[in-house]
Amino acid sequence: GAGVSQSPRYKVAKRGQDVALRCDPISGHVSLFWYQQALGQGPEFLTYFQNEAQLDKSGLPSDRFFAERPEGSVSTLKIQRTQQEDSAVYLCASSPSINYGYTFGSGTRLTVV
Amino acid sequence: GESVGLHLPTLSVQEGDNSIINCAYSNSASDYFIWYKQESGKGPQFIIDIRSNMDKRQGQRVTVLLNKTVKHLSLQIAATQPGDSAVYFCAESNTGANSKLTFGKGITLSVRP
């Protein structure tokens, strides 16, 4: 596609519910990143994939967060047993190569009630 | 809707004037820097990047300046337009260590007509 596509655009989850957020990167982009952006803050790194390999997951805030990219294209960020502090915008970005021109999607706004 | 720029510092400029947005980065080992623009409800949009072997780079109406001695980055926007109103983030990366971007706190640019 022309850009990075994320779905759903908005998600409301009850506390304790599991959610799955999808990212479709730009076709052919090797690198894929997930970021979390709280209201009024800059994005914060969660995890990074190069093709299907998850090379860095140091930013995942707890073991309730899990990300995968099994075929090196689409990625899913899963949050188990959601908590109110998980409410944020989750951004996905992709890049044709390492450290070059990251393109962000519009994000998924997660609200945990 | 919610504002990306909530609680962020604000720079107010007159339409047609030049804008200068400053950023102090934290990691002296960072060697790749990007400026992003973010409008409400959208993901960060790439504006311009610069690597540490340069101190200046120009794009269309934008110039980025890098001063590694004092760890300072600036974005200059010429002839600021109402469409430039947004939140601006600088981001840094240490490409030798990993690929993740670390974002600054962000500045809201408000253009007065």
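Refer to the structure presented above.
What comes next concerns the included structure. Just so you know, the residues in each chain are numbered from 1, in the order the chain's sequence is written. Throughout, the order in which chains and ligands are written sets their labels, letters from A for the former and numbers from 1 for the latter. The model is predicted, so local features are restricted to residues of pLDDT at least 70 and side-chain atom pairs to those at 80 or more, both for listing and for counting; the totals for chains, interfaces and linings are taken over all residues. With hydrogens and water excluded, all non-hydrogen atoms of the structure serve as input to the side-chain values.

### Structural notes on the sheet that holds strand E8 (residues 75–79) of chain A
All names here are of chain A. DSSP-based pairing: two strands are paired if at least 2 bridges between them are found. The helix and strand labels rest on DSSP assignments: H or I over at least four residues marks a helix, E over at least two residues marks a strand, and numbering proceeds from the N terminus. If you walk across this open sheet you meet the 4 strands as E1-E3-E8-E7, and the pairing is antiparallel. Unpaired on one side and paired on the other, strand E1 (5–7) and strand E7 (65–68) mark the two borders of the sheet. Neighbour to neighbour, the strand axes of the sheet diverge by 15 degrees on average, direction disregarded. As defined by bridge partners, strand E3 (residues 19–24) adjoins E8 across 5 bridges and the pair is classed as antiparallel. Axis lines are fitted through C-alpha atoms, for helices just across the contact stretch, and the angle between N-to-C directions can take any value from 0 to 180 degrees.

### Considerations on the state of the cysteines
Here, two cysteine sulfur atoms that lie within 2.5 Å of each other are counted as a disulfide. In this structure the tally under the stated criterion is 2 disulfides over all chains. Disulfide pairing is shown between A:Cys23 and A:Cys92; the S-S distance is 1.9 Å. With the S-S bond torsion at -65 degrees, the cross-link from A:Cys23 to A:Cys92 turns out left-handed. Of this pair, A:Cys23 sits in strand E3 while A:Cys92 sits in strand E9 (residues 88–95), and the two are 69 residues apart along the sequence. A:Cys92 matches A:Cys23 in its accessibility class, with the two residues each being buried. Disulfide pairing is shown between B:Cys23 and B:Cys90; the S-S distance is 1.7 Å. Placement of the pair is B:Cys23 in strand E2 (residues 19–24) and B:Cys90 in strand E8 (residues 86–93), with a sequence separation of 67 residues. Accessibility here uses a 1.4 Å probe with only protein chains present; expressed as a share of the type maximum, an area under 20% marks a residue as buried, one over 50% as exposed, and anything in between as partly exposed. With a relative accessible area of 8%, B:Cys23 lands in the buried category.

Keep in mind these values describe shape, not function.
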